[in-house]
Amino acid sequence: MSESQHIMNRNEHPATYDCPATTALTTLTSHYFPYLTVRDLHILRTTSKSIYSSLKFIEYNHSRDGIDYMVPFPGFPGVLCTEDDIQNGAGLFCHQLSSLQAMHKAENSNVSFGALRGGILGDAPGLGKTITMLSLISNTAGCITVDPPEFYDAQSVSENWHLMRKNPVFKTEILKALKPIRDWIGSMVNWACQDELNSLFKRVAQYVSPPYADDRFPSVTCMERYVYSELKSFVPQERLDLFRRNIVKLKAGFDKRNRRFFNTPAGQRLMIERSLVPSSTTLIIVPDALLEHWAEQIKRHVNLKVFADPNNNETPGGSRGVVWIDGVGDLSTARSPMKFDEQMPMPSAFHLIGHVIVVVPFSKVKQQYGPRKRSRNGNAARDNDENPSLKTALLQVRWFRIVVDEGHELGENEAESEVTACINEMAAERRWVLSGTPTVGDVDAKEYNIECLNQLQRLMIFLRHERYGIIPSSEEAVISYNSGGNRKGNTKSNNKKQAKSAWDTNIKAPFLAKHEIGRNALLKELNQVMVMHKKEDLHLPTPIFKFADVNIDIPHDIQTALVDAVYHKNKDVETFHSILSSTLRVDISRRKNHLRLNLPRVLKSGGIDLFQLMLEEYCCTDDYQKQVDEAQANYIVESVKTARDHLFDIGGPMVDCAAPITLATNDVSNFDRRPIKAVVYSNSKHNLQDVTEHLLVKFGQENIAEMNEGSISSMSYELGRFRNGQKEVQYCQICNGCNEVTGEKGISCTNMLMEVMDIDGNTFIIEPQRVVRAVGTGETSPNVVGNLVDAARLQGESLSKYGTVTRKHWRVGDALRVDIRQTHPLLKKRWSEDTWKVYGSDKCREFYEEHGGLGRDGYLGPLPIYENGVQEVLVELKKWQPCNRFHNRRWYKGPTLDQAPIITENQDCFILCLDAALSHGLDLSFVTHMFLLESIDDAALLEQVTSRAHRLGATGPVTINTVNVWQNLDNETKEFSKKLALSSVDSKTNSTSIDVGTEAKKKTETAICEHCFRSFGNLQLAELHEKTCDRNPESTGIEDPFHLSSIYRSIRPPPPVRHDSQSL
């Protein structure tokens, strides 16, 4: 018996336990609460009336400031209670407790069905919104949704039921309601107890079929309860729920007054809402790139055993049935790095509601909502609202709570988009939007206020705001129909228009007109629904901004061509197209639109305009961009190497100091021994891919994780590899090649093997590691087989690296020198010929000869033996392909990769190449360096990017490096361009052109405001701005009260939690 069970069972009659409540609570809080599960905590409140009333609040004694606070019962069980969290002294921060107090109030101020219960958690990026929301979920675990009120005419239903009880004709209606149960029993043809089930069902069906000779079932509810009690031990819950839904329709048919209304779309919706499956489950909807983040945060910081049902776990202390992650399944069985199966089907609604938390990505929501039925005329039609079984499981449940992470996307997208429409249609008692930036846009843009007000109104629709986004209540819809107000029943679209009209009239129009009444109304509504903390309210380590200038020398022949172009006699478009394509190597077809608009103009003006255009076109060529990519990669490599060398000079990394949710420090002295973790960030996935290729050459595959465009499984695997420094591998039993287990479907070895032929015509297969070197063009040997290799093809790598360079440099016919030792120190010993015969080598030879050696068949058999113990021979490369293609299924009968064990290996992965589109919401608090491949002038975007690492949990500052690349001209060419600029008539051209290729255009002196993240030309300007910055708590500036940013700043953080229960 567990200690918690012993505590609960030590008294035979706990309800009569007469100990004073305060004494009992003191004892429990001090000694036993850490051992109680959520189930135990709810049972605890039933032990006595005095304990129930006293357990409205309990002490939370794990706050990071060391103070004990009173929080709603049962506190936040399981959160920050994993072994690592306890070891690191983890706990909620004071601002998180303050947010939870405000969120608890928002969910419980009005508990009636359909009331606004939720809002927007708008804490600034990096302030721990994920942990805050998990704490709120743990506080309400086990609570179930409020049932919707019955809106039928009770007298009409009762009268019709009494008539039905005596009429045998209504037997058909009862049997229709029972049909889902009958169909299920009929499908159980292989069950040994099917006859017993049939007998039981017939008895129940006969007993509930009218007419009733006695006074059984005075109401339809009594009949429904009887069926439940008789069949619940045998029939699945989902079948019983379908029966319940049929009874809802039956009641609707009894209500003669509203019978016509129930045939309208609005009436159908009301019936569906009452047929939904009630639950205590929180549904979390996240962007695809954040699925791994939520799974990782839950796994790291939530003790799932506290919530587990012992009846669902085979072993004591199990944690199954608590969290379900789309693509992973039950989180308790997930491995690290996590493997995601995007083809995993969505479980039934009844499977989902068996969990405390369900996490799904936006793409799954779109996929589930996307299928449409086709009407007879071929037009797309929505799933039939009359039949909930046709809908996705996500729409069949009345969720206890829906949480949308990065919820500003609901405001960005029109309500009619598939994802937004599906999320808005989901039923839930409580709704929350998580977003550090509830509205998005350029704060300096002219239309900023208009766009953001529209976005806020769309968020109100999701929240079901009472005035600006709610779906009408049952009574309102019925009354409206019966009074003739909405005979078409199109309440949904009408209500959306009414909500938008009310928003525009009461808030948007007066606010844009700068009327105080509009500002006050907007501030009042946002104060009601928004919980917000700003970073200036806390003390986080200040990020360090650096700007690097990397010069690229323009080739001398290109500079000469630029100068000659200015003096060229024939100033016609065709001639300059020829110069651009042949001399500067510009892709005319790709640049044709830009040239069509600008080339004729600059040909007329000539001079500096022509010079600048030609230089600009050259800078857009592939040749120049390759130099840019290589230069940026080289700077990143040198910076990371320098940081790692410094780290090892001061004693090496201390992994414990990077523990999540710890106090932060600005100390960047020699005591900062966090492991070096760097992020390379770009707004262009093509630029990111090109720079990544150069980084891979310098560091290697295991040191770099790529989070570029791709599937959820690959993105999550790469992020997990970077975060944890681990990978899961399987070693091929044929070639002993290492294959990473990424979650993608694949059970075959993908390691590359080479087929080669020696001077005697012997053909055999080797591993690339056996290549000693390629035979270069400068070598002479009588035994050379194949074509000599030009070293320039390897792009700077030596000929001895031929076997390790990317295979794009390999060519059929290359002459190679290979190691043919039978026992190689780095390779697995090969199987004997006898073993290969058992595995099908004879069949392989037949296929090989059938295709003349040009097919895919071959096997990694013993190497040929040469005279005099020769260890190296010259060979010709014939072909290469993955191991699984040589040893394909049509002949190979030996052990395969899927039979090999999965092994977890540590790896030094210290660089993450991150696409901007996938960066929102990621927790990278352990990152020490970020490299921006493009300058970010949008302050809001720069703050978002920086907040990936500048966030709660960081144990030191993050260094933000912007890598600027500039073209560098010779001194003569610079002087030439200056003379052209000075000779220009246009003074504006003078001022902008003199700086061509000079130091004046560089951004080394650029400085960033540490409050609003805006960029300035130098440190003096930045410091001057900071004095009047709107986000500076000590600002002396005057702000525009009718700019939406001033509204956000007027929303004060929730009041702090006090030490007594009166604060809640």
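For every chain, the first residue of the written sequence is number 1, and numbering continues from 1 onward in sequence order. Local features are withheld for residues below a pLDDT of 70 in this predicted model, meaning they are given only at 70 or higher, and side-chain atom pairs are given and counted only at 80 or more; totals for whole chains, interfaces and linings count all residues. As a rule here, side-chain values cover all heavy atoms of the structure and leave hydrogens and water aside.

1. Observations concerning the overall build of the protein chain
Which entries qualify depends on this criterion: Only DSSP runs of H or I with at least four residues qualify as helices, and only runs of E with at least two residues qualify as strands; both kinds are numbered from the N terminus onward. When a residue's accessible area, from a 1.4 Å probe over protein chains only, is under 20% of the maximum for its type it is buried; when over 50% it is exposed; and in between it is partly exposed. In this analysis, two residues are considered to be in contact whenever any of their non-hydrogen atoms come within 4.5 Å of each other. Accessible areas in this description were obtained via Shrake-Rupley with a 1.4 Å probe; residue shielding takes into account the shown protein chains only.
Each helix and strand in the protein chain was counted, giving 38 helices and 29 strands. Burial status across the protein chain gives 52% buried among its 1064 residues. Long-range pairs, those at least 24 residues apart, make up 76% of the contacts in the protein chain between residues at least 6 apart in sequence. Entry remark: accessible area of the protein chain is about 50100 Å², with carbon and sulfur atoms responsible for 50%.

2. Points about the packing of aromatic side chains
For the record, the criterion: Aromatic rings from Phe, Tyr and Trp, taking only the six-membered ring of Trp, are treated as a pair when their centres fall within 6.5 Å; an angle between ring planes under 30 degrees marks them as stacked, one over 60 as edge-to-face, and anything in between as tilted. Two conditions define a charge sitting above a ring: the NZ of Lys or the CZ of Arg must be within 6 Å of the ring centre, and it must be within 35 degrees of the ring normal.
Here the structure, examined in full by the defined rule, presents 26 aromatic pairs. For the pair Trp-161 and Tyr-212, a centre-to-centre distance of 6.3 Å together with 50° between the ring planes defines the contact as tilted. Residue Trp-161 is located in helix H8 (residues 154–166), and its partner Tyr-212 is located in the loop between helix H11 (194–208) and helix H12 (220–231); the two are separated by 51 residues in the primary sequence. Judged by its relative accessible area of 7%, Tyr-212 falls in the buried class. Geometrically, the ring pair formed by Trp-810 and Trp-880 is edge-to-face, given 5.6 Å between the ring centres and 90° between the ring planes. Note that Trp-810 is positioned in the loop between strand E21 (771–774) and strand E22 (815–819) and Trp-880 in strand E23 (residues 872–882), a separation of 70 residues in sequence. What links up through ring pairs into an aromatic cluster is the set Trp-831, Trp-836, Tyr-839, Tyr-859, Trp-891 and Tyr-892. When the ring centre of Tyr-207 is taken as origin, the NZ or CZ atom of Arg-216, which lies over that ring, is 4.1 Å away. Sitting over the ring of Phe-847, Arg-890 keeps its end group 4.0 Å from the ring centre.

3. Observations concerning the confidence of the model for the protein chain
Short version of the rule: The quantity called pLDDT is the predictor's confidence in a given residue, expressed from 0 to 100.
On average, residues of the protein chain score 79 in pLDDT, and 79% of them are at 70 or above. Element-level mean pLDDT values for the protein chain span from 33 in helix H1 (residues 3–9) up to 95 in strand E5 (residues 282–286). Confidence drops under a pLDDT of 50 for residues 372–390, and excluding neighbours within four residues, the segment shows 30 contacts in the predicted structure. Of the regions scoring below 50 in pLDDT, residues 657–669 engages in 43 contacts with residues more than four places distant in sequence or in other chains.

4. Some points on the sheet that holds strand E18 (residues 738–740)
Basically, it comes down to this: Two strands qualify as a pair provided that DSSP identifies no fewer than 2 bridges between them. To obtain an axis, a line is fitted to C-alpha atoms, over the contacting stretch when the element is a helix, and the angle between two such axes runs from 0 to 180 degrees between their N-to-C directions.
In spatial order, the strands read E18-E17-E24; together these three strands make up an open sheet with antiparallel pairing. Where the open sheet ends on each side, the last strands, each with one partner, are E18 and strand E24 (903–906). Going from strand to strand, the sheet's axes swing by 50° on average, the running direction of each strand aside. Bridge count between strand E17 (residues 726–731) and E24: four bridges; the pairing is antiparallel. Bridged to Lys-727 within E24 is Glu-905.

5. A look at the packing of helix H25 (residues 573–582) against helix H27 (residues 607–619)
Short version of the rule: The cut-offs work like this: below 35 degrees is roughly parallel, past 145 is roughly antiparallel, 65 to 115 is roughly perpendicular, and the gaps in between are oblique. Two helices cross in a left-handed way if the nearer one is turned anticlockwise from the farther one by less than a right angle. They cross in a right-handed way if the turn is clockwise. Residue polarity follows a fixed list, in which Ala, Val, Leu, Ile, Met, Phe, Trp, Tyr, Cys and Pro are nonpolar, Asp, Glu, Lys and Arg are charged, and the others, Gly among them, are polar.
Between H25 and H27, the least distance of the axes is 11 Å, while the angle of their chain directions is 40°. The angle between H25 and H27 falls in the class oblique. When the axes of H25 and H27 are compared, the crossing they make is right-handed. Facing H25, whose interface residues are Phe-576, Ile-579 and Leu-580, H27 presents Leu-610, Met-614 and Glu-617. Counted by class, the contact of H25 with H27 contains five nonpolar, no polar and one charged residues.

6. Considerations on the sheet that holds strand E27 (residues 959–968)
Taken in spatial order, the six strands make up an open sheet running E14-E27-E26-E15-E25-E16, and their pairing is parallel. Lying at the two open borders of the sheet, with one neighbouring strand each, are strand E14 (544–553) and strand E16 (704–707). Each strand axis lies, on average, 20° off the axis of its neighbour in the sheet, ignoring direction. Where E16 and strand E25 (residues 911–915) come together, four bridges link them in parallel fashion. Across the sheet, the residue bridging to Ile-704 is Ile-911, located in E25.

7. What about the environment of Arg-458?
You can see Arg-458 is positioned in helix H20 (residues 448–463). Put simply, Arg-458 and Asn-413 are 45 residues apart on the chain and 8.5 Å apart in space, counted from C-alpha to C-alpha.

8. Re the packing of H25 against helix H26 (residues 588–605)
Remark: H25 packs on H26, axes separated minimally by 11 Å, with the N-to-C direction vectors making an angle of 130°. Between H25 and H26, the crossing angle belongs to the class labelled oblique. Between H25 and H26 lies a crossing whose hand is right-handed. For the pair H25 and H26, contact is made by Val-573, Phe-576, His-577, Leu-580 and Ser-581 and by Ile-588, Leu-595, Leu-599, Pro-600 and Leu-603, respectively. Tallied by class, the residues present in the contact of H25 with H26 amount to eight nonpolar, two polar and no charged.

9. Topic: the pairing of strand E20 (residues 763–766)
Two strands pair when backbone bridges link them, and strand E19 (residues 752–758) and E20 are joined in this way by four bridges, in the antiparallel orientation. When the bridges of E20 are listed, Met-757 appears paired with Thr-763. Where E19 hands over to E20, the hairpin turn is made up of four residues, of which Gly-761 adopts a positive phi near 90°.

10. A closer look at helix H29 (residues 685–699)
Quick reminder of the rule: Multiply 1.5 Å by the residue count of a helix minus one, and that product is the helix's expected span. Taking the helix axis as origin, the arc is that swept by the directions to the C-beta atoms.
Between its terminal C-alpha atoms H29 stretches 20 Å, which fits the 21 Å expected from 15 residues at 1.5 Å a residue. Looking only at H29, the buried set comprises Leu-688, Val-691, Thr-692, Leu-695 and Phe-699. Relative to the axis of H29, the buried residues are bounded by an arc of 115° and lie together on one face.

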